[in-house]
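Chain residues, written in single-letter form:
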Amino acid sequence: MKSTAFAVSAFLAQAMTGPFVGAFTPVSFQQRASAVVSTRSSSNHVPSVGRFEFNLSMSTADSGSYLGMDDEDDDEDDDDDEDLDDDELVSSRYSGAKSPFTGLKLDPWDPNPLIKPRPSRYFKEDTETVPDDQLVQTMSDDERKENLAVMRQIRKSDLPDLRMRKDHAGWVEANNDLKRRYGRDPWFGVNERLRDAVLLGDPEEKIDQLKALAAKLGGPPKGIEVGTKGYAVHTEIYDINMSPTRAASMLERELRTERAARGRAMMAERRKNMEKAQQQYEEDMQNPGLREDKEAKERRERTMRRLMGEIEEDNKKKRERAKDILGKLPETPENRTKAMEKALQEARDDFKKIRREQLGKSPAGDKAELAAAGAASGSGSSASRAREAAAAEAAGGRPRLPGDDDVTRGEIDTAVEPASSTTTGPLLVEVSSVYNKEQSDPPMRKHCFQYTIRITNNSPTDTIQLLGRRFEIQTVGSSMKDVVQGEGVTGRTPILKPGETFEYTSTAPLSVRPIGTTIIAARMRGEYRYVTLAEGQETASEEQIKAGGESTADLATFHFIFPDDQRVKPFRAEDEEEDDEDDDEDDEPTAVAKEASAARPASTPSAAPASTLPGDQDMKTGDISSPFTDSSETVSENVKVAVTSSYRPERSDAGLDKHCFAYNIRITNESKQPIQLVSRRFEIQTIGSDNKDVVQGPGVTGRQPILKPGESFEYTSTAPLSVKPLLEKTPVVARMQGEYNFVILGDDGSTPLSSNPLQAKLGMFHFILPALTG
């Protein structure tokens, strides 16, 4: 073991003579190792040749030995003792060695000894430090500005470019140049010291001293803003934007801060709620039922406040609508009670007047008799007028105006005509109306009328475009007029050149009961708004459309007249008196019978369609199998029939399952012979219904139009449906199809060539609620 220790010492000595000793071995370790090796070499007779050189030639050793070792081994105990002596000797030589950098004790047997660290941000090279009182600025402002610009160029462009190209030597040279320029301006060093002092919380005296020193050196170079903090950070010096990683880190920190604040607020709210619940529990235990009474009172107060607010808002809207229509606020009673009393008094006065006229008595007759008559029969009329007044006060989305007195009384003062014609400026507006028996339901007081309007431009030069319409309709017995207004005409804004005519047909479903004093169901008048297009102008401008038109054309007054079978035979009071005298015992039944006969029409036709057919299965279940559309276009027998449908919300009431649709039909003669439409037949099936309703009749909208080759006939009608939609399955509420019967005319345009009519098919289409389309 003695020779082994000697071999290790020799190996260490030889390793220390190599070029790596300076890089891997501290200086103190080299000095101490030199002393140890010298001692070992003298004790083992190893000659010294230069710096720790050994003559390890095999010729100096004895034969059969290696490095002077004897072949014979000594006693094992002696070897162990000598080995321990050698270890103790080496350890004793290194027991005082410490690292000059860390102060830690060195271990000679450590295979990874501490080495001298490379200069870095934390292990800086020892440089001469200039005292603060000797720091001076040797550069001018322009030189500092140029120096800063070069530093930013190196930091932002040159270094990243060299790193990308993997030019290490160039990168080191550019980085050293950056360091030299950084050191040329002493303000950068003072700024770094000031930043560390502020961030580390040094005393204010030191921070103020560094700020004064930075100001003495000229402050920051031009292009650097230190702000209120007094120093510039790395990104401000080199004008480097914040990196995405740092931005994400700051955002995450802000989010964590916000979450923590929200969590603290939630915990505080939870503690507050728990305390409130505990307090409430204690109060409930002390006063049972008090909390429920208090909450009920608060609910009542909230409900009353909400209702009063809604009433006030409705009154405000009604006043605004009345002001827009009338130009001023109408004179209204102070409250609902006074309005009801006024309506009742007017109803009593009207009844007295009508009763006296029927009896042929003067207005100055017996007041007691009039009072008795009013008490006997005035209740129904007064209640009706009261309901009218309440309805007028609570009118909703549709504007209403005070009606004509003669229509309200049912005693028409003017001529009763189902048509009218008037010319306003260049426009001639003609209208005619007929009763639509197929779409009426007299027992339910539903009467439908059709009216056809024809507008002709009589101007020899001007082109006119219709922009809107406004109608006033008053049903008989009602004290108010309904105002219907909107943009365009049947959804369009037609353009009429000189001499051209626009014609369309629409329907007016009325809820009215025939009365014995008149044959009319309603009175209607209105106007059309239009603009005159300039020369070369194809359509109205946005300003003209927004203004609503430059001029108006009047729609003269006309009436919707009940047919003979729907009119009521007038009832005279003299007849009742004669009946009373003839048979006193049957007085009460006779009065009841007379009242019933006055309340219902003389003849009540059935509202059911002409016939029914088995319906389609998909319409029964609501699982529409075929793609559904709200329009169709079909050509048959050289006649094209196109139809489009639309929903009319202003005539619908979803709460009562009443849905009204309008459909526009255009029939075009594509043959070479004139034709005449003679009848129509439609099949309509509502969703969920087992049968199809068949509606048929002569002509089209009460006429049998003649179409020359290439001509078209167009009209619009409505379909008021009473159906409950299956919205969970389909937006379709009804399906319709049919055909038009026509005959081909001869060359004279009036004589049919055959008595067997042909059929032009109306393709299948659907009435679709707009809420679920698309």
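Residues numbered from 1 in each chain as written. Predicted model: local features only at pLDDT ≥ 70, side-chain atom pairs only at ≥ 80, totals over all residues. Heavy atoms only, no water.

Together, D141, D142, E143 and E146 make up a region of like negative charge exposed at the surface. Mapped onto the fold, D142 is located in helix α5 (residues 141-165). (Patch = residues over 30% accessible without salt bridge, like charges linked within 9 Å, V, L, I, M, F, W, Y side chains within 5 Å. Areas by Shrake-Rupley, 256 points an atom, 1.4 Å probe, with all protein chains shown as cover. Salt bridge = Lys/Arg side-chain N within 4 Å of Asp/Glu carboxyl O. Lys, Arg positive; Asp, Glu negative; His and termini not counted. Charge placed at Lys NZ, Arg CZ, Asp CG, Glu CD. Helix = DSSP H or I, 4+ residues; strand = E, 2+ residues; numbered from the N terminus.)

So, about the confidence of the model for the chain. Confidence in the prediction of the chain, expressed as mean pLDDT, is 77, and 71% of residues score 70 or more. Note that pLDDT drops below 50 for residues 27-73; the model gives that stretch 58 contacts with residues more than four away or on any other chain. This stretch, residues 364-397, has a pLDDT under 50; its non-local contacts, to residues over four places away or in other chains, come to 39 contacts. (pLDDT = per-residue confidence, 0-100. Contact = heavy atoms within 4.5 Å.)

Attention now goes to the packing of aromatic side chains. Going through the model one piece at a time under the given rule, you end up with 17 aromatic pairs. Ring centres 6.5 Å apart and planes at 45 degrees place the aromatic pair Y451 and F558 in the tilted group. A residue pair is termed long-range when its members are at least 10 positions apart, and Y451 in strand β4 (residues 446-457) and F558 in strand β10 (residues 551-561) qualify at 107 residues. Considered together, Y451 and F558 belong to a single accessibility category, that of buried residues. Geometrically, the ring pair formed by F713 and Y715 is tilted, given 5.9 Å between the ring centres and 35 degrees between the ring planes. The pair formed by F713 and Y715 is uniform in burial state, with each residue classed as buried. Members of the aromatic cluster, connected to one another through ring pairs, are Y435, F449, Y451, F558, F560 and F562. (Phe/Tyr/Trp six-rings, centres within 6.5 Å; stacked < 30°, edge-to-face > 60°. Buried < 20%, exposed > 50% of the residue type's maximum accessible area, 1.4 Å probe, protein only.)

In this fold, S420 is placed in strand β2 (residues 419-424). Here S420 falls in the buried class, since its relative accessible area comes to 13%. Through-space distance from the C-alpha of S420 to that of I453 is 9.7 Å; in sequence the pair is 33 residues apart. Apart from residues lying up to four places away in sequence, S420 is in contact with V429, E430, V431, A556, T557 and F558. Polar side-chain contacts of S420 include one of 3.1 Å to the backbone oxygen of A556. (Polar contact = N/O pair within 3.5 Å; in protein donor to acceptor, adjacent residues only side chain to side chain.)

Bringing a positive patch on the surface into the picture now. Taken together, the side chains of K297, R299, R300, R302 and R305 make up a positively charged region of the molecular surface. Tracing the backbone through its elements, the reader meets R300 in helix α11 (residues 290-326). Given a relative accessible area of 52%, R300 falls into the exposed group.

With that out of the way, let us pick up the packing of α5 against helix α6 (residues 168-184). Each pair of packed helices can be summarised by the angle the axes make with each other and by the distance between the axes. Between α5 and α6, the least distance of the axes is 10 Å, while the angle of their chain directions is 160 degrees. Considering the angle they form, α5 stands roughly antiparallel to α6. Crossing hand, α5 versus α6: left-handed. Packed against α5, whose contacting residues are N147, V150, M151, I154, R155, L159, L162 and R163, the element α6 presents G170, W171, A174, N175, D177, L178, R181, Y182 and R184 at the interface. In the contact of α5 with α6, the residues fall into nine nonpolar, three polar and five charged. (Axes fitted to C-alpha atoms, helices over the stretch in contact; angles between N-to-C directions. Parallel < 35°, antiparallel > 145°, perpendicular 65-115°, else oblique. Left-handed = near helix turned anticlockwise from the far one by under 90°. Nonpolar A, V, L, I, M, F, W, Y, C, P; charged D, E, K, R; others polar.)

Strand order in the open sheet formed by four strands is β2-β3-β4-β8, and the pairing between neighbours is antiparallel. The open sheet has two free edges, formed respectively by β2 and β8 (501-511), since each of these has just one partner strand. The mean angle between the axes of side-by-side strands here comes to 20 degrees, regardless of whether they run parallel or antiparallel. Note that strand β3 (residues 427-441) and β4 share eleven bridges and pair antiparallel. Opposite S432, over in β4, you have T452 as the bridge partner. (Pairing = 2+ DSSP bridges.)

This paragraph deals with the sheet that holds strand β13 (residues 639-647). Strand order across the open sheet formed by four strands is β12-β13-β14-β18, with antiparallel pairing between neighbours. Each edge of the sheet is formed by a strand with only one pairing partner; in this case those strands are β12 (631-636) and β18 (712-722). Direction aside, the axes of adjacent strands within the sheet are offset by 15 degrees on average. The pairing of β13 with strand β14 (residues 658-669) spans nine bridges and is classified as antiparallel. Paired with Y647 across the strands is F661, a residue of β14.

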